[in-house]
Amino acid sequence: MNDRDAGLAPPDSDLPAAVPEPLYVPPNPEPEESIQHSLFGEILDWMLAPLLLLWPMSIAITYLVAKSIANQPFDHALEDRVTVLAQQVREVDGAIATRLPASARDILRADDVDSVYFQVLDARGLHVDGDRELPRPREEESDRDGAVHFRNDAVHGTPVRVAYLYVNLDPLHSMDAATPVEPPPPRKVLVQVAETLEKRALLANEIIKGVILPQFIILPVILALVWFALSRGLSPLAELQERIRARSSDDLSPIDSRQVPEEISPLVGSLNEMLGRLAQTIDMQKRFIADAAHQMKTPLAGMRMQSELALRQVDPDEIHRSLEQLAKSSESATRLVNQLLALARAENQPHAGLAFEELKLGALARAVVQDWVQASFTHDIDLGYEPHDEPVIIAGNAMMLRELLSNLIDNALRYTPAGGSVTVRVRRDGEHALLEVEDTGPGIAPAERAHVFERFYRILGSSATGSGLGLAIVREIAQQHGAEVDIFNNPRSLSKKYPGSLFRLTFPPPDTEPIDAD
């Protein structure tokens, strides 16, 4: 066992007991967010759910209204019976009596469905005539005027509807104004007529049947109409879907929003914006591929020509010169390929999710400058670094920022003549961190500064070798970090022929969210 394996495996005595694997492991439930919902089904649910909830409520309300309607005609008939019976109550020799012949009693109780009860009680509550088992009114209901009143009660456990009336035996009884003595209270006879509720229940049921049964017919019709209305209302979505499916794969033209409903217009507008951005991205990629192919053609053609020339040469010196040119062409092609890969990586980072962390900008810049010291010796250029007194903290991706600064230094070394100088500087301006790269080269005219960040753009009259991708990579990475890139003349240059350039990157504070480049 070697050192790397030592201490990785515990002794046998420390090994935990083997746990048998379960025979069945239920699959993880699908997250609710990933379940696709149907707009048609959701609208239908929201329409039918209240309808199905209101339907039982309507049945209950209909039943209560039906009972109230059924009570009215039977209460009127019961009131007539009480009034007729009260008219037959008389006082004969100080005793209460009813003048009801047998035929009148039969008519009073005549009912094919319900049982009818009547009762007459004198002022002392003694039974005069009728059914003794009929209950009396409650105390709070006993002191009433001469109008007919109704209540619900029960006889032998059977619900009944009772109409009762207090008949005053002294209708002319009144207090004499000249006599201060208060007269005795009037004598009142209680007359009651009650009947069971079967006819009322039958009528209420007939009313409910007349209302509910048509609803069973109307409800399916309503559902069919709702289904048809939703299908017609959502048909523009299906038409829009068919129009999008009928498009060719390379058709990124905007969708005509005049042919869609007003509610879908914002969605179509957002889709058109996305199609516009996608078309712009594809056009940029096509131009990039075309430019890259054109740029690769030159070094590859040179390599082929130099290799063919070297094969035809006999003189060793000529062969050596051809091989040197071949090496330079291969170096140029290698640099171009590396920059293309760097630019592609920089452009794809926002989509893959760029990880930012707090970085010391000074330490990163010092490390990158050290990597380019040997190249500066080759170009005979003084490469220096000026640190800040205090640590400068930014939020960024170290790998991408190293790529950015490397391209700035490489660009400065290529355009600065031998004997010149390139300085990398880190400082702070308020809350913003500044990264500056200045050189003593020919400088960049103000009219050219907006174009030097374009891909494969080369300043006319420049003799320096390059692919025109370095500053495009710088701009892409700077945009990802929310930084601004500005170009100035070198304020420390004293030569009119070589005014130099100053590239300044201004980074936001660490707590500011970086801006993703589109």
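Look up a bit, the structure's there.
Note that this is a predicted model, so its numbers are computed, not measured. (Residues numbered from 1 in each chain as written. Predicted model: local features only at pLDDT ≥ 70, side-chain atom pairs only at ≥ 80, totals over all residues. Heavy atoms only, no water.)

### Concerning the overall build of the protein
The condition is simple: Counting from the N terminus, the helices are the DSSP runs of H or I reaching at least four residues and the strands are the DSSP runs of E reaching at least two. Only protein chains enter the accessibility calculation, which uses a 1.4 Å probe; a residue whose area is less than 20% of its type maximum is buried, one above 50% is exposed, and one in between is partly exposed. Contacts are residue-level and defined by heavy atoms, with any inter-residue pair within 4.5 Å sufficient. Each accessible area is a Shrake-Rupley result for a 1.4 Å probe, and residues are judged covered by the shown protein chains and nothing else.
Within the protein, the secondary structure is distributed over 11 helices and 14 strands. Within the protein, the proportion of its 518 residues that are buried is 32%. In the protein, once contacts between residues fewer than 6 apart in sequence are set aside, the share between residues at least 24 apart is 66%. Split by element, the accessible area of the protein, about 33100 Å² in all, is 57% carbon and sulfur.

### Focus: the sheet that holds strand E4 (residues 127–130)
Cut-off, in case you're wondering: Two strands qualify as a pair provided that DSSP identifies no fewer than 2 bridges between them. As a rule, the C-alpha atoms of each element are fitted with a line to give its axis, helices using only the stretch in contact, and angles between N-to-C directions run from 0 to 180 degrees.
Strand order in the open sheet formed by 5 strands is E4-E3-E7-E6-E5, with antiparallel pairing between adjacent strands. Since the sheet does not close on itself, it has two edges, and those belong to E4 and strand E5 (149–155), each with one partner. Sheet twist, expressed as the average angle between the axes of neighbouring strands with direction ignored, equals 25°. By the bridge criterion, 6 bridges tie strand E3 (residues 116–121) to strand E7 (residues 188–196) in an arrangement that is antiparallel. Counterpart to Val-120 in the pairing with E7 is Val-191. Helix H1 (residues 39–87) contacts E3, E5, strand E6 (158–168) and E7 of the sheet and is inclined by roughly 145° relative to E7.

### Re unusual backbone geometry
The residue His-156 is not glycine, and still its phi comes out positive at about 55°. If you trace the backbone, His-156 turns up in the loop between E5 and E6. For Asp-380, which is not glycine, the phi torsion reads 55° and is therefore positive.

### Considering the sheet that holds strand E9 (residues 382–386)
In spatial order, the strands read E9-E11-E12-E14-E13; together these 5 strands make up an open sheet with mixed pairing. With partners counted over all chains shown, the strands left at the sheet margins are E9 and strand E13 (484–489), one partner each. On average, each strand axis in the sheet is tilted by 15° relative to the strand beside it, whichever way the strands run. Here 6 bridges tie E13 to strand E14 (residues 501–507), and the two strands are oriented antiparallel to one another. Bridging from a neighbouring strand, Asp-486 pairs with Arg-504 of E14.

### Overview of the packing of aromatic side chains
The way to describe two aromatic rings as a pair is by their centre distance and the angle between their planes. To keep things clear, this is the line we draw: Note on ring pairs: Phe, Tyr and Trp rings are taken, using the six-membered ring of Trp, and paired if centres are within 6.5 Å. Classes follow the plane angle, with under 30 degrees stacked, over 60 edge-to-face and the rest tilted.
Per the counting criterion, the structure on display carries 1 aromatic pair. Note on Tyr-164 and Tyr-166: the rings are 6.4 Å apart at their centroids and 90° apart in plane angle, and the pair reads as edge-to-face. No difference in accessibility class separates Tyr-164 from Tyr-166, as the two residues are buried.

### Regarding the side chain of Asp-114
The line we're drawing: Definition of a polar contact: a pair of N or O atoms within 3.5 Å, with one able to donate and the other able to accept a hydrogen when the atoms are protein atoms, and with sequence-neighbouring residues admitted only if both atoms are side-chain atoms.
If you trace the backbone, Asp-114 turns up in the loop between helix H2 (102–109) and E3. A polar contact is formed between the side chain of Asp-114 and the side chain of Thr-196, at a distance of 2.7 Å. There is a polar contact of 2.8 Å between the side chain of Asp-114 and the backbone nitrogen of Glu-198. Apart from residues lying up to four places away in sequence, Asp-114 is in contact with Thr-196, Leu-197, Glu-198 and Lys-199.

### A short note on the pairing of E6
Taken across its 11 residues, E6 has 8 buried, putting it largely inside the fold. Bridge count between E5 and E6: 7 bridges; the pairing is antiparallel. Following the sheet pairing, Ala-154 is matched in E6 by Pro-159. Counting the residues in the hairpin turn of E5 and E6 gives 2 residues, including His-156, whose phi is positive at 55°.

### With respect to the packing of helix H10 (residues 398–415) against helix H11 (residues 470–480)
Relative orientation and spacing of two packed helices are given, respectively, by the angle between their axes and the distance between those axes. Let me state the cut-off plainly: A clockwise turn of the near helix away from the far one marks a right-handed crossing, whereas an anticlockwise turn of less than a right angle marks a left-handed crossing.
Relative orientation of the contacting elements H10 and H11 amounts to 145°, with a least axis distance of 9 Å. Crossing angle aside, the handedness with which H10 passes H11 is left-handed. Note on element contacts: H11 touches H10 through Gly-470, Leu-471, Ile-473, Val-474, Ile-477, Ala-478 and Gln-480, opposite Met-400, Leu-401, Glu-403, Leu-404, Asn-407, Leu-408 and Asn-411.

### Comments concerning the packing of H1 against helix H4 (residues 198–233)
We apply this condition: Any angle from 65 to 115 degrees is called roughly perpendicular, while one under 35 is roughly parallel, one over 145 is roughly antiparallel, and all others are oblique. Throughout, the ten residues Ala, Val, Leu, Ile, Met, Phe, Trp, Tyr, Cys and Pro are labelled nonpolar, Asp, Glu, Lys and Arg are labelled charged, and all others, Gly among them, are labelled polar.
Contact geometry for H1 and H4: axes closest at 9 Å, N-to-C directions at 160°. As far as their axial angle goes, H4 and H1 are roughly antiparallel. Read as a crossing pair, H1 and H4 show a hand that is right-handed. Of the residues assigned to the contact of H1 with H4, the class counts are 28 nonpolar, 5 polar and 4 charged.

### Remarks on the pattern of salt bridges
Short version of the rule: One speaks of a salt bridge when a side-chain nitrogen belonging to Lys or Arg is within 4 Å of a carboxyl oxygen belonging to Asp or Glu.
Scanning the model with the defined rule gives 18 salt bridges in all. Ionic pairing is found between Asp-75 and Arg-161, a salt bridge with its closest N-O pair at 3.0 Å. Pair noted here: Asp-75 is in helix H1 and Arg-161 is in strand E6, with a separation of 86 residues, a long-range link. Judged by relative accessible area, Arg-161 falls into the buried class, the value being 14%. When the shortest N-O distance is used, the salt bridge between Arg-425 and Glu-436 registers 2.8 Å. A residue pair is termed long-range when its members are at least 10 positions apart, and Arg-425 in strand E11 (residues 421–429) and Glu-436 in strand E12 (residues 432–439) qualify at 11 residues. Residue classification places Arg-425 among the buried residues on the basis of a relative accessible area of 6%. What emerges from the salt-bridge pattern is a single network uniting Glu-386, Arg-425, Arg-427, Glu-436, Glu-438, Arg-492 and Arg-504.

### Focus: the nonpolar core
A general tendency of soluble globular proteins is for nonpolar side chains to be buried together. What counts here: Note on terminology: a nonpolar core comprises buried Ala, Val, Leu, Ile, Met, Phe, Trp, Tyr and Cys residues joined through side-chain atoms within 4.5 Å.
Core analysis: the biggest nonpolar cluster contains 39 residues, and Ile-409, Val-424, Leu-435 and Phe-507 have the highest contact counts within it. Counting only elements with at least two residues in this core, the list comes to helix H8 (361–371), E9, H10, E11, E12, H11 and E14. When residues of this core are assigned to their parent elements, the largest contribution, 8 residues, is made by H10. Non-local contacts of Phe-507, meaning those with residues more than four positions away in its chain, are made with Leu-361, Ile-394, Leu-401, His-432, Ala-433, Leu-435, His-481 and Ala-483. Ala-86, Val-120, Leu-169 and Val-189 belong to the second largest nonpolar core, which has 19 residues in total.

By themselves, these observations are geometric and do not establish any function.
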